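# Report on the structure
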Amino acid sequence: MTSPRWQASFFALKTTLAALMALWITLWVGLERPFWAITTAYIISSPLSGATRSKAIYRVLGTFVGAIVAVALVPALVDWPPLLCLAFALWVGGTLAISLLDRSPRAYTMMLMGYTALIVGFPAVDQPEAVFEIATARVTEIVLGITCATLTHSLLWPQSVGKTMGLKLSVWCRDARAWRAEILASDGSGDPREGRRRLAKDAMDCVIMATHIPFDTSHWRDASSSVQAMLRRILLLLPALSGLADRQRALDELATRPDASPEWRELLEHSHTLREGQTAQLLDECEAILAHVEDRRKPKPVDKLENRAVIALHADWVFAMLAGLAAAISILICCAIWIGTGWADGAVAAMMTGIFCCLFAALDNPVKMILSFGGAIIASLVPAAFYLFVLMPPVDGFIPLAILLFPVLFAAAWIIPHPRYGLMGGAFMLGFANALALQESYHADFARFLNANAGQVLGVLVAAIVTAGLRSAGVDRIVRRLRRNLHRDLVSLASARVAPNPMAALGRTTDRMALITERLGDATDEATATLREVRIAENIVTIQQVRTSAERKLSLALARVLRDVTRTYQEPAQPAPARLLGRIDAAMRLMLAKGPPVAHRQDALPDRTDGLGALVALRRNLFPDAADFRRDALT
């Protein structure tokens, strides 16, 4: 009963029941567009109950604001159709761009604000006095669909977000501990990149999934702060484990060289011990936090005063602006065809092209998905036509209608949880429900059917063509843009006058590493360099924190190091200057002049010991082939 097929069947049954419940209520109340409620039940349904509830709240907010915008724009601009179309296009493009800057599920709200205005506003162009009634109907039917889906998925066989996330976090800790054991047991010949792709990607998946935790019904809902504390430690673990692997390899290399510098060996051993202790403590704390969340009787190893800053994710302004521009231009092209030809159903094309551009804007190259999604919608027109013109005419009453619709509704919902074909199931349902356009009484007009669905086809084509023209980018170009953004982050961290927040820095850099390795795999120079730059980001943050509390001479030496790091990443095509190596060594000599490194306290603020470890790590990351550090060398 817990196999994926059974879970998919339970999900399909719940979603179908929610859609039929929403259809029955809308028909009973007498609302004009019951199919809006059906499609909403499918759109917000998720195998995880907490995710369904969070999407429900985001969709209600987005729908409500979008409807208000339509009610404001249509009466004011209906006498100037081009200006009205421009206003809607800019609204959709702007909200889409803003939504792409927030890669959490919250972004759904902004996206809905955009294309809901199209869905409400364009049908009201010919009857502007009815725009408020159309908006009210849209909001009412959306809320009905949301309510039915939320109740069904919450009361019948609910699937907890917390349970799923707990399993993912447990597996992550197990894999991270296995990687650490492998590093410490290796002879230096192993590849430290092994496993980092899955660990980085799973870490960022958990960060995003955590946004659903407050909407869960399990005991995890009250553990949001503990989950965030664990995620912060996970982000610290990734570069720490990678650094431990690097120090292990460096020590193994030194063991084969009779002329190795004893001072450099001592510093590498210190850095290795530092990372070994740090990774052990972070893993212990992660497992203790997870145990506390699962069983509240166990102690919570998190200080009440711990910083609870939100973990920042990668955001690409250029990417977001291009996506918004593509959506705006696509809508304007369809509106020009609509106005120029006087096509009665041209509004459908404008609405659908806006929806298609919004739904897949977050993808690297959305054209393929737009065409696949559009193809699934077009494929749904054949069974929809068969239902509408052959099977439905003799149907009288809701129960026969529900029995007739059940096989298609269930089959589409059964596909939705599939990781590869889920979107196609949603697209099929969207096309099928919109093509049927179920109402309180049976109405079937073949010419109208062809006209409206021709608008969907045109919307698919325009969205795909315009997006291909503005967003056609290969993997290499996308990775280069991610690397440029990462270098800007390193420049910003190194040039900051105030010590930066480590979670904001590590959140973005780790997210970018996950995005790059997801596209390229592990065994590439780009992926290797990105992992090294995540470690450099951590080193920079530690040096900045130590600099703010160091005495003047050491503070100036660290400032010189950071200044040269800034220049290095302002022109990343050039190798790090030899002067930077000398300044790192000079800063290390100043620290060593104060005495040997002392035992490290994990609960203390970064001190000289941490700063020395960060400088050793920075030297290894930027100059892995440099001559050994010698304490008595000329500065």
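Use the structure listed above.
This section reports on the structure supplied with the text.

Conventions adopted
- Residues numbered from 1 in each chain as written.
- Predicted model: local features only at pLDDT ≥ 70, side-chain atom pairs only at ≥ 80, totals over all residues.
- Heavy atoms only, no water.
- Core = buried A, V, L, I, M, F, W, Y, C linked by side-chain atoms within 4.5 Å.
- Buried < 20%, exposed > 50% of the residue type's maximum accessible area, 1.4 Å probe, protein only.
- Contact = heavy atoms within 4.5 Å.
- Phe/Tyr/Trp six-rings, centres within 6.5 Å; stacked < 30°, edge-to-face > 60°.
- Helix = DSSP H or I, 4+ residues; strand = E, 2+ residues; numbered from the N terminus.
- Lys NZ or Arg CZ within 6 Å of the ring centre and 35° of its normal.
- Axes fitted to C-alpha atoms, helices over the stretch in contact; angles between N-to-C directions.
- Parallel < 35°, antiparallel > 145°, perpendicular 65-115°, else oblique.
- Left-handed = near helix turned anticlockwise from the far one by under 90°.
- Nonpolar A, V, L, I, M, F, W, Y, C, P; charged D, E, K, R; others polar.
- Patch = residues over 30% accessible without salt bridge, like charges linked within 9 Å, V, L, I, M, F, W, Y side chains within 5 Å.
- Areas by Shrake-Rupley, 256 points an atom, 1.4 Å probe, with all protein chains shown as cover.
- Salt bridge = Lys/Arg side-chain N within 4 Å of Asp/Glu carboxyl O.
- Expected span 1.5 Å × (residues − 1).
- Polar contact = N/O pair within 3.5 Å; in protein donor to acceptor, adjacent residues only side chain to side chain.
- Disulfide = S-S within 2.5 Å.

## A word on the nonpolar core
Within the largest apolar cluster, 110 residues are counted, with the highest numbers of intra-cluster contacts made by Tyr42, Phe88, Phe122, Leu405 and Leu436. In this structure, Tyr42 is in contact with Thr15, Thr16, Ala19, Leu409, Phe410, Ala412, Ala413, Ile416 and Met429, ignoring residues within four places of it in sequence. By size, the runner-up hydrophobic cluster in this structure holds 40 residues, among which are Ala557, Val565, Met591 and Phe629.

## A short note on the packing of aromatic side chains
Going through the model one piece at a time under the given rule, you end up with 10 aromatic pairs. Between the aromatic rings of Phe360 and Phe373, the centroid separation amounts to 4.9 Å while the plane-to-plane angle is 65 degrees, which identifies the pairing as edge-to-face. With Phe360 in the loop between helix 12 (346-359) and helix 13 (367-391) and Phe373 in helix 13, this residue pair connects regions lying 13 residues apart in the sequence. Taken as a pair, Phe360 and Phe373 share a single burial class, namely buried. Between Phe428 and Phe432, the aromatic rings sit 6.2 Å apart at their centres with planes inclined by 10 degrees, giving stacked as the arrangement. Of this pair, Phe428 and Phe432 both sit in helix 15 (residues 422-436), four residues apart, roughly one helical turn. Aromatic ring contacts, followed pair by pair, group Phe88, Phe122 and Trp338 into a single cluster. Looking at Arg138, its charged tip hangs above the ring of Trp36, at a distance of 4.8 Å from the centre. Positioned above the aromatic ring of Trp264, the side-chain terminus of Arg619 is 4.7 Å from the ring centre.

## Here we look at the packing of helix 20 (residues 552-570) against helix 21 (residues 578-593)
Relative to each other, helix 20 and helix 21 sit at 155 degrees, their axes nearing to 9 Å. Classified by the interaxial angle, the pair formed by helix 20 and helix 21 is roughly antiparallel. Here helix 20 runs over helix 21; the crossing is left-handed. Contacts between helix 20 and helix 21 pair Lys553, Leu554, Ala557, Leu558, Arg560, Val561, Arg563, Asp564, Val565, Arg567 and Thr568 from the former with Arg579, Leu580, Arg583, Ile584, Ala587, Leu590 and Met591 from the latter. Along the lines of polarity and charge, the residues of the contact of helix 20 with helix 21 split into 10 nonpolar, one polar and seven charged.

## Notes on a nonpolar patch on the surface
Residues Leu13, Leu17, Met21, Leu151, Leu155, Leu156, Trp157 and Phe406 make up a contiguous nonpolar surface patch of roughly 710 Å² in combined accessible area. Mapped by element, the contributors of at least two residues to the nonpolar patch are helix 1 (4-29) and helix 6 (131-155). Counting residues per element, the nonpolar patch draws most heavily on helix 1, at three residues. Here Met21 is to be found in helix 1. Of the residues examined, Met21 reaches a relative accessible area of 30% and is grouped as partly exposed.

## Observations regarding helix 16 (residues 446-471)
Helix length check: helix 16, at 26 residues, gives a terminal C-alpha distance of 37 Å against a target of 38 Å (1.5 Å per residue), a fit within 8%. Buried residues along helix 16 sit against helix 11 (317-341), helix 12, helix 13 and helix 15.

## Some points on the pattern of salt bridges
Within this structure, the stated rule accounts for 15 salt bridges. Between Glu533 and Arg483 there is a salt bridge, with the nearest N and O atoms lying 2.7 Å from each other. Separated by 50 residues along the polypeptide, Glu533 in helix 19 (residues 525-547) and Arg483 in helix 17 (residues 475-495) bring together distant segments of the chain. Residue classification places Glu533 among the buried positions, given a relative accessible area of 3%. The structure contains a network of salt bridges with shared partners spanning Asp246, Arg247, Arg249 and Arg620.

## Here's the deal with the environment of Arg247
Inspection of the secondary structure puts Arg247 in helix 9 (residues 224-255). Residue Arg247 is classed as buried on the basis of its relative accessible area, which comes to 1%. Through-space distance from the C-alpha of Arg247 to that of Glu276 is 9.9 Å; in sequence the pair is 29 residues apart. Ignoring sequence-local partners within four residues, the contact set of Arg247 consists of Leu268, Ser271, His272, Arg275, Arg535, Ala617, Arg620 and Asn621. Polar side-chain contacts of Arg247 include one of 3.3 Å to the side chain of Ser271.

## Focus on the packing of helix 7 (residues 161-185) against helix 10 (residues 262-294)
In contact at an axis separation of 11 Å, helix 7 and helix 10 are set at 160 degrees when each is read in the N-to-C sense. When the axis of helix 7 is compared with that of helix 10, the two are roughly antiparallel. Where helix 7 crosses over helix 10, the handedness of that crossing is left-handed. Across the interface between the two elements, Gly166, Leu169, Ser170, Cys173, Ala176, Arg177, Arg180 and Leu184 from helix 7 touch His272, Glu276, Thr279, Ala280, Leu283, Asp284, Cys286, Glu287, Leu290 and Glu294 from helix 10. Of the residues belonging to the contact of helix 7 with helix 10, the class tally is eight nonpolar, four polar and six charged.

## Regarding the environment of Ile370
With respect to the secondary-structure elements, Ile370 resides in helix 13. Beyond its immediate sequence surroundings of up to four residues, Ile370 is in contact with Phe356, Phe360, Val460, Ala463, Ala464 and Thr467.

## Some thoughts on the state of the cysteines
Tallied over the full model, the rule gives zero disulfides. With no disulfide of its own, Cys358 lies 7.0 Å from the sulfur of Cys357, the closest cysteine sulfur. With relative accessibility at 1%, the residue Cys358 sits in the buried group.

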